[in-house]
Amino acid sequence: MPSGAVRARKITNAGNRKVIGKFPSLKMNAVIWWESQLERDYIYLLEIDPEVLSYGEQPFTISYTDKGKPRRYTPDFVVTRPQKTQVVEVKPSNRADTEKNLNLFRKIAPICTANNQEFVVVTEPMIRAQPRLNNIKLLYKYARAPLSLSNYLDCLQYFHSTEPIRLLDAERDLKERGINRSLLLRLLWCGFLVTDLMQPINAESLIQLSKETPTWERLKIQ
């Protein structure tokens, strides 16, 4: 869903207690609306996933028939990946398994397949795996830390070895080059550096150069 595209359904909390909000997407360079905190948390995963080329909320409406009656369904997100497009429904587990929703998903999945799309239901155990989610939220806070070409080259030289090094040690060794922890966390966010996201990120975290070089667009070198 390109930046500036019109949503198929207006997101509003009028008449109910639904929590809605806006997410300033770095990947899409646009404001992405969410209508549940679970959707908001899912957006963090989309933002950091290097395989996600683009995504958008409330992208289109699918018409279908149920028991002879015309129905309409608007998915929560559409996600474009290198080899496929995913139509995504974000649901709490206790709601995803209801007969009503299972019936809906059985109707929608074949329609998506016919359109060369993959229908995916994402629930909170997939989204809120910890400490991964908290780590991603931490890294997002530093995603806008300025990164110069000099910083990039210094880090490329320092981390050229495949051996992991403690965040604390890297911070100490690179301090004289003007590289601090904020910048190292920024490099973890963009995928230049990697660490085990299933362990809490702290001074003892082992970090190393990624085997996959992030795109220049994702690095956003200034």
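Throughout what follows, the structure given in this document is the object of discussion. Quantities reported herein were computed from a predicted structural model and do not represent experimental measurements. (Residues numbered from 1 in each chain as written. Predicted model: local features only at pLDDT ≥ 70, side-chain atom pairs only at ≥ 80, totals over all residues. Heavy atoms only, no water.)

1. Some thoughts on the pairing of strand β1 (residues 21-25)
No. 1: Because side chains alternate across β1, one face comprises the buried residues Gly21, Phe23 and Ser25, and the other comprises Lys22 and Pro24, none of which is buried.
No. 2: Here β1 pairs with strand β2 (residues 30-34) via 5 bridges, running antiparallel. Residue pairing across strands places Pro24 opposite Val31, the latter belonging to β2. (Buried < 20%, exposed > 50% of the residue type's maximum accessible area, 1.4 Å probe, protein only. Helix = DSSP H or I, 4+ residues; strand = E, 2+ residues; numbered from the N terminus. Pairing = 2+ DSSP bridges.)

2. Overview of the sheet that holds strand β11 (residues 206-209)
Remark on secondary structure: sheet strands pair via backbone hydrogen bonds, oriented parallel or antiparallel.
No. 1: What the 3 strands build is an open sheet, ordered β9-β11-β10; its pairing is antiparallel. The sheet is open, and its two edges are formed by β9 (165-166) and β10 (193-194), each paired on a single side.

3. Regarding the nonpolar core
As a rule of thumb, nonpolar side chains are buried together in soluble globular proteins.
No. 1: In this structure, Tyr42, Tyr55, Phe77 and Trp189 are the most contacted members of the largest nonpolar core, which totals 46 residues.
No. 2: Of the residues forming this core, the biggest block, 7 residues, is contributed by helix α1 (residues 37-48).
No. 3: Aside from chain neighbours lying at most four places away, what touches Trp189 is Leu26, Tyr44, Glu47, Ile48, Ile136, Leu139, Tyr140, Ala143 and Arg218.
No. 4: Core analysis: the next-biggest nonpolar cluster, separate from the first, contains 9 residues, Tyr73, Val87, Ile108 and Cys112 among them. (Core = buried A, V, L, I, M, F, W, Y, C linked by side-chain atoms within 4.5 Å. Contact = heavy atoms within 4.5 Å.)

4. Describing unusual backbone geometry
No. 1: A cis geometry characterises the amide bond from Gln130 onward to Pro131, with omega recorded as 5°.
No. 2: Locating Pro131 in the fold gives a position in the loop between α4 (124-127) and α5 (132-140).
No. 3: A positive phi angle is found at Gln58, which is not glycine, with a value near 45°.
No. 4: Inspection of the secondary structure assignment puts Gln58 in the loop between β3 (54-57) and β4 (62-66).

5. Considering the packing of α1 against α5
No. 1: In the contact formed by α1 and α5, the axes pass within 10 Å of each other and the chain directions differ by 70°. Comparing the axis directions of α1 and α5 gives the class roughly perpendicular. The crossing of α1 and α5 is left-handed. On α5, the residues touching Arg40, Asp41, Tyr44, Leu45, Glu47 and Ile48 of α1 are Arg132, Leu133, Ile136, Lys137, Leu139 and Tyr140.
No. 2: A breakdown of the residues in the contact of α1 with α5 according to their chemical character gives 7 nonpolar, no polar and 5 charged. (Axes fitted to C-alpha atoms, helices over the stretch in contact; angles between N-to-C directions. Parallel < 35°, antiparallel > 145°, perpendicular 65-115°, else oblique. Left-handed = near helix turned anticlockwise from the far one by under 90°. Nonpolar A, V, L, I, M, F, W, Y, C, P; charged D, E, K, R; others polar.)

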